[in-house]
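Notes for the structure review
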Amino acid sequence: MNKRLSGLLTASVFLFAGSTIASSANAAEAKTTLANFSQDNASHIDRVLGELTRQHDNASSLVKSARQPSSLALNSSLLASNSTGLSNDEDVLERLTAVASNSVSKFKQTGLASWYGRKFHGRKTASGDTFDMNGLTAAHRSLPLNCYVKVTNKTNGKTVVVKVNDRGPFSGNRVLDLSYGAAKQLGITSKGVGNVSIERVSGP
C-alpha cells in the first residue's frame with residue numbers, strides 16, 4: 001500500500017471516528033436538553049398546581065364549601081381522560097381553566113341575605129356600575145363580578161335573578177347583600193334579612 005493511499009485511509013478513519021464522537025456528543029446533548037425540557041415542564045406544572053392549591057387554601061370558607069372535597073385539578077375527568085397527551089403548559093392551563101369554570105358555573109350556597117338601599121344609591125360599585133337601589137343587583141364576597149345568580153327566599157319560595165356587581169357583605173354571617181329592589185321582590189325588606197339559597201345562572 002503506497003503512502004498516499006495509507007494517508008487517505010488514516011484520514012478517513014479519523015473522520016469516521018470524529019463523526020461518531022460528534023454524533024455521540026450530539027445525542028448526549030439532545031438527551032440532556034430533552035431531560036432539562038421535561039424537568040422545566042414538570043416544574044411549570046408543579047408551580048401551576050401549587051398556585052391553585054394556594055388560592056384554594058386562601059379562599060373563603062363559603063367558596064370552599066361549594067367546591068368538591070377532593071382536588072379538582074388532579075381528579076377531574078377533563079384531565080384524566082387525556083393526561084398522556086399533554087405536551088406543554090398551555091394544555092394544562094386550558095384544562096384547569098375549564099375545570100375552574102365548570103366549578104364556578106355549578107356554584108350553590110345557602111345562608112342569610114341582607115339588603116342595602118338609599119344610603120348607597122348613586123355610588124360606584126366594585127364593578128364600576130352606579131348602584132341603583134331599585135335595580136336587581138347584589139354584593140357577594142367571591143363570585144365573579146357581573147355574573148348572575150338566582151336567589152330564592154327559602155321561607156316563601158319567591159325568587160329573583162340578580163347581577164353580582166359589588167363586594168360584600170363584610171360583617172356578620174350573611175352570604176349576600178341584595179339591592180332594595182331585589183330584596184323587595186323576595187319579601188325580606190321588612191325583616192332586614194332572609195334565609196336564601198343562591199344558584200349561579202347564565203343570565204337574567
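Use the structure listed above.
Below is a short write-up of the structure. (Residues numbered from 1 in each chain as written. Predicted model: local features only at pLDDT ≥ 70, side-chain atom pairs only at ≥ 80, totals over all residues. Heavy atoms only, no water.)

Quick word on the nonpolar core
- In this structure, Val149, Val151, Val162, Leu176, Leu178 and Ile198 are the most contacted members of the largest nonpolar core, which totals 19 residues.
- The contact partners of Leu178, leaving out residues within four places of it in the chain, are Ala113, Ser114, Trp115, Tyr116, Thr137, Ala138, Val151, Val162, Ala183, Leu186 and Ile188. (Core = buried A, V, L, I, M, F, W, Y, C linked by side-chain atoms within 4.5 Å. Buried < 20%, exposed > 50% of the residue type's maximum accessible area, 1.4 Å probe, protein only. Contact = heavy atoms within 4.5 Å.)

What about the side chain of Asn153?
- Within the secondary structure layout, Asn153 lies in strand E3 (residues 148–153).
- Within polar-contact distance, the side chain of Asn153 engages the backbone nitrogen of Thr155 at 2.9 Å.
- At 3.3 Å, the side chain of Asn153 and the side chain of Asn156 are in polar contact.
- Filtering out sequence-adjacent residues up to four positions away, Asn153 remains in contact with Lys158, Leu186, Gly187, Ile188, Asn195 and Val196. (Helix = DSSP H or I, 4+ residues; strand = E, 2+ residues; numbered from the N terminus. Polar contact = N/O pair within 3.5 Å; in protein donor to acceptor, adjacent residues only side chain to side chain.)

What to know about the packing of aromatic side chains
- Taken as a whole and judged by the stated rule, the model has three aromatic pairs.
- When the centroid spacing of 4.5 Å and the interplanar angle of 5° are considered together, the rings of Tyr116 and Phe131 count as stacked. One end of the pair, Tyr116, is in strand E1 (residues 108–116); the other, Phe131, is in the loop between E1 and strand E2 (137–139), and 15 residues separate them in sequence.
- When its relative accessible area of 10% is taken as the criterion, Tyr116 is described as buried.
- Grouping aromatic residues by their ring pairs yields a cluster made of Tyr116, Phe120 and Phe131. (Phe/Tyr/Trp six-rings, centres within 6.5 Å; stacked < 30°, edge-to-face > 60°.)

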